[in-house]
Amino acid sequence: MANITVTVDGVTYNDDVEPRLLLVHYLRDRIGKTGTPIGCDTSNCGACTVHLNGESVKSCAVLAVQADGAEVTTIEGMANGQWHPLQQAFHSEHALQCGYCTAGMIMAAADLLRSNPHPSDQEIREGLEGNLCRCTGYENIVRAVRRAAEAGASS
């Protein structure tokens, strides 16, 4: 067992974990952050994307022990008493159907807007290329990210 201390959505946790435990399983099974879905377990789909020290990562490709001492933000941590502008934009632009990819898409989009607050549609597509959606055809997702950027979601 390895002892880790990690701050998730502003709350610090200190736990003993198996060294091979994936971050996604730690988030979901140990601390109840079920908004982060397990999509493929191979890092192909991006549904499990979270922020690790401010950078988007696929939590099925990160061990919990690698998050020791880090700050993790999940989709639940995006809202601060009200929906984050990206969450609102995804809702307003109907940028989801089944919703399975939505958390990862929003987390990846937030990272994109942090580094590029006014992306072109092509830059949005490139910024989200590691996240798959099997339902929407991406057009509404691109519109949602553009809308959030116009609303100042990066700040």
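Refer to the preceding data block for the structure.
Please read these numbers as outputs of a predicted model, since none were measured by experiment.

(A) Structural context of the sheet that holds strand β2 (residues 11-17). Across the sheet, which stays open at both edges, the five strands sit in the order β2-β1-β5-β3-β4 with mixed pairing between neighbours. The open sheet has two edge strands, β2 and β4 (55-58), and neither has a second partner. On average, each strand axis in the sheet is tilted by 40° relative to the strand beside it, whichever way the strands run. Here strand β3 (residues 49-52) pairs with β4 via four bridges, running antiparallel. Looking at β4, one finds that L52 is bridged to E55. Helix-sheet contacts for helix α1 (residues 23-30) involve β1 (2-8), β2, β3 and β5 (71-73), and the interaxial angle to β2 is about 110°. The sheet strands contacting helix α4 (residues 102-115) are β3, β4 and β5, and the helix crosses β3 at an angle near 40°.

(B) Representation of the pattern of salt bridges within the structure. Scanning all chains against the criterion turns up seven salt bridges. The shortest N-O distance in the salt bridge between D9 and K33 comes to 3.1 Å. On the criterion of sequence distance, the pair formed by D9 in the loop between β1 and β2 and K33 in the loop between α1 and β3 is long-range, its members being 24 residues apart. On the accessibility criterion, K33 (15% relative accessible area) is buried. For E139, the salt bridge identified is with R125, shortest N-O distance 3.2 Å. Here E139, found in helix α6 (residues 139-150), pairs with R125, found in helix α5 (residues 121-127); they are 14 residues apart in sequence, far enough to count as distant. E139 gets classed as partly exposed once you look at its relative accessible area, which sits at 42%. If you follow the salt bridges from partner to partner, you end up with E55, D111 and R114 in one network.

(C) How the structure looks around the packing of α4 against α6. The interhelical angle for the contact between α4 and α6, taken along N-to-C directions, is 45°, at an axis separation of 11 Å. As judged from the angle between their axes, α4 and α6 are oblique. Both α4 and α6 take part in a crossing whose hand is right-handed. Where α4 abuts α6, its residues M105, A109, L112 and L113 lie against I141, V145, A148 and A149. A breakdown of the residues in the contact of α4 with α6 according to their chemical character gives eight nonpolar, no polar and no charged.

(D) The side chain of H51, seen in detail. Within the element layout of this structure, H51 appears in strand β3. On the basis of relative accessible area, H51 is assigned to the buried category, the value being 9%. Within the local environment of H51, its side chain forms a polar contact with the backbone oxygen of M107, the two atoms lying 2.7 Å apart. Excluding anything up to four places from it in sequence, H51 contacts S56, E71, V72, T73, M107, A110 and D111.

(E) A look at unusual backbone geometry. Residues other than glycine seldom take positive phi values, yet N53 does so here, at roughly 50°. In this fold, N53 is placed in the loop between β3 and β4. Overall, the relative accessible area of 52% leaves N53 in the exposed class. Its identity is not glycine, yet H94 carries a phi of approximately 55°, on the positive side. Summarising the element assignment, H94 is placed in the loop between α3 (85-92) and α4.

Reading the values: rules and limits
- Within every chain, residues take consecutive numbers counted from 1 along the sequence as written.
- Only residues with pLDDT of at least 70 are given local features in this predicted model, and only at 80 or more are side-chain atom pairs given and counted; all residues enter the totals for whole chains, interfaces and linings.
- With hydrogens and water set aside, each side-chain value is computed from the structure's full complement of heavy atoms.
- By definition, two strands form a pair when at least two bridges between them are found by DSSP.
- Secondary structure elements are taken from DSSP: a helix is a run of H or I of four residues or more, a strand is a run of E of two residues or more, and numbering for both begins at the N terminus.
- Under this scheme, a helix contributes an axis fitted over its contacting stretch, all axes are lines through C-alpha atoms, and angles between N-to-C directions fall in the 0 to 180 degree range.
- The contact definition used throughout considers only heavy atoms, calling two residues in contact when any of these lie within 4.5 Å.
- Whenever a carboxyl oxygen of Asp or Glu lies within 4 Å of a side-chain nitrogen of Lys or Arg, that contact is scored as a salt bridge.
- Exposure classes here rest on a 1.4 Å probe applied to the protein chains alone. A residue is buried below 20% of its type maximum, exposed above 50%, and partly exposed in between.
- Our angle categories are set so that under 35 degrees counts as roughly parallel, over 145 as roughly antiparallel, 65 to 115 as roughly perpendicular, and the remainder as oblique.
- Crossing handedness: left-handed means the near helix sits turned counterclockwise from the far one by under a right angle, and right-handed means the same turn made clockwise.
- In this count, Pro and Cys sit with the nonpolar residues alongside Ala, Val, Leu, Ile, Met, Phe, Trp and Tyr, while Asp, Glu, Lys and Arg are called charged and the others, Gly among them, polar.
- Pairing of N or O atoms within 3.5 Å defines a polar contact, subject to two protein rules: one partner must be a possible hydrogen donor and the other a possible acceptor, and residues neighboring in sequence count only if both atoms are side-chain atoms.

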